[in-house]
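Structural characterization, general
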Amino acid sequence: MAHECHIVVFASGNGSNFQALIDALSSKQFPSARITRLIVNRKKAYAVTRAEKAGIPWEYFNLISNGFQRAGDKDPQHIKEAREKYDAALGDLVLALEERPQLIVLAGWMHIFSRAFLDKVKGEGIEIINLHPALPGKYDGADAIERAYEDFVAGKLENNRTGIMIHHVIDEVDRGDPIMTREIPLEQGETLDQVKEKIHAHEHELLVEATAQVVKGILQGSELHLETEKQ
Ligand SMILES: Nc1nc2c(c(=O)[nH]1)N[C@@H](CN(C=O)c1ccc(C(=O)N[C@@H](CCC(=O)O)C(=O)O)cc1)CN2
Ligand SMILES: NCC(=O)N[C@@H]1O[C@H](COP(=O)([O-])[O-])[C@@H](O)[C@H]1O
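These numbers come from a predicted model, not from an experiment. (Residues numbered from 1 in each chain as written. Chains lettered and ligands numbered in written order. Predicted model: local features only at pLDDT ≥ 70, side-chain atom pairs only at ≥ 80, totals over all residues. Heavy atoms only, no water.)

Some remarks on the sheet that holds strand S2 (residues 33–40)
Reading across the sheet, the 7 strands line up as S3-S2-S1-S4-S5-S6-S7 and stay open at both edges, with mixed pairing between neighbours. Whereas interior strands pair on both sides, the edge strands pair on one side only; in this sheet they are strand S3 (58–60) and strand S7 (178–185). With strand direction ignored, the average angle separating the axes of adjacent strands in the sheet is 20°. Lying on the sheet, helix H1 (residues 16–25) is in contact with strand S1 (5–11), S2, strand S4 (103–106) and strand S5 (127–132); it crosses S2 at an angle near 160°. On the sheet, helix H4 (residues 115–122) packs against S1, S4 and S5 and is oriented at approximately 130° with respect to S5. (Pairing = 2+ DSSP bridges. Helix = DSSP H or I, 4+ residues; strand = E, 2+ residues; numbered from the N terminus. Axes fitted to C-alpha atoms, helices over the stretch in contact; angles between N-to-C directions. Contact = heavy atoms within 4.5 Å.)

Okay, structure coming up:
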């Protein structure tokens, strides 16, 4: 049977990048892969609607509504412990999936993982990649597009260019090795919404390209493993 790469997508919002992956995987050009689950941490994420339309099972798993953190609790130690318990439970959830993934794609997932998730999942050989709307080493964290645009308007954006990247996920946020990057020039007079629209269009392309590259590597690795086992 042809080997197939199982992908779990994590999202927190609209899911347009998730949709780009759904559409790409239905084409013959994409290497053998299937999105076996969507995981969201926001109940109203439109990504859920996209999953339902595509017949992809989905799971809502939230730090507060699943009881890991009390709403309004501001104690830093409580928050740290709650996040670690949530992350460990989310890792267990992934590892318990009937179709265990070989790849996790963070497509607009707005939660910073602790090592409680990363070590558990990576320890089982599952790769994690993330889409970030900035170039390596620039605008780490949330609201990257808005911050780059603010610098552009203030005449402080280097070469009047921002960009996007897909990178391996490590503990340090947005500092994992880049897989693919793309520079995006900003033009005088562009509004923030126009810039966002332009960036999202590039994201949809690059995320598909980068995911296909990672999937090919996973499939080749599996074939090599199977060959070795036969010897
Ligand atoms: N350990 C890692 N976790 C995550 C990474 C990563 O590289 N390492 N990438 C992020 C995705 N991301 C940027 O690409 C990102 C997402 C969210 C945040 C953030 O500040 N989150 C806050 C909550 C914000 C909110 O709920 O609106 C938080 O988690 O407290 C920063 C960067 C995914 N995880
Ligand atoms: N730091 C992570 C981050 O900012 N990710 C960004 O969230 C958006 C999700 O859009 P989508 O829900 O339409 O795919 C995308 O722009 C993605 O780069």
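Quick look at the pairing of S1
Burial analysis of S1 places 7 of its 7 residues in the buried class, which makes it a mostly covered element. Covered by surrounding structure in S1 are Cys-5, Ile-7, Val-9 and Ala-11 together with His-6, Val-8 and Phe-10, the residues of both alternating faces. One crossover worth recording links S1 to the parallel S2 by way of H1, and it is right-handed. Note that S1 and S4 share 4 bridges and pair parallel. Bridge pairing in S4 places Phe-10 opposite Leu-106. (Buried < 20%, exposed > 50% of the residue type's maximum accessible area, 1.4 Å probe, protein only. Right-handed = clockwise from strand over helix to strand, strands pointing away.)

Structural notes on the site of ligand 1
Taken together, 20 residues form the shell around ligand 1, and within it Arg-83, His-111, Asn-130, Ile-170 and Asp-174 come nearest. A distance of 2.8 Å separates an oxygen atom of ligand 1 from a polar side-chain atom of Arg-83. In this structure, Asp-171 approaches ligand 1 through a main-chain N or O atom, which is 3.2 Å from a nitrogen atom. In isolation ligand 1 offers 710 Å² of accessible surface; the protein chains occlude 78% of this area. Among the elements that line the shell around ligand 1, the one with the most residues is S5, at 3 residues. Of the residues in the shell around ligand 1, the class split is 11 nonpolar, 5 polar and 4 charged. (Near = heavy atom within 4 Å. Polar contact = N/O pair within 3.5 Å; in protein donor to acceptor, adjacent residues only side chain to side chain. Areas by Shrake-Rupley, 256 points an atom, 1.4 Å probe, with all protein chains shown as cover. Nonpolar A, V, L, I, M, F, W, Y, C, P; charged D, E, K, R; others polar.)

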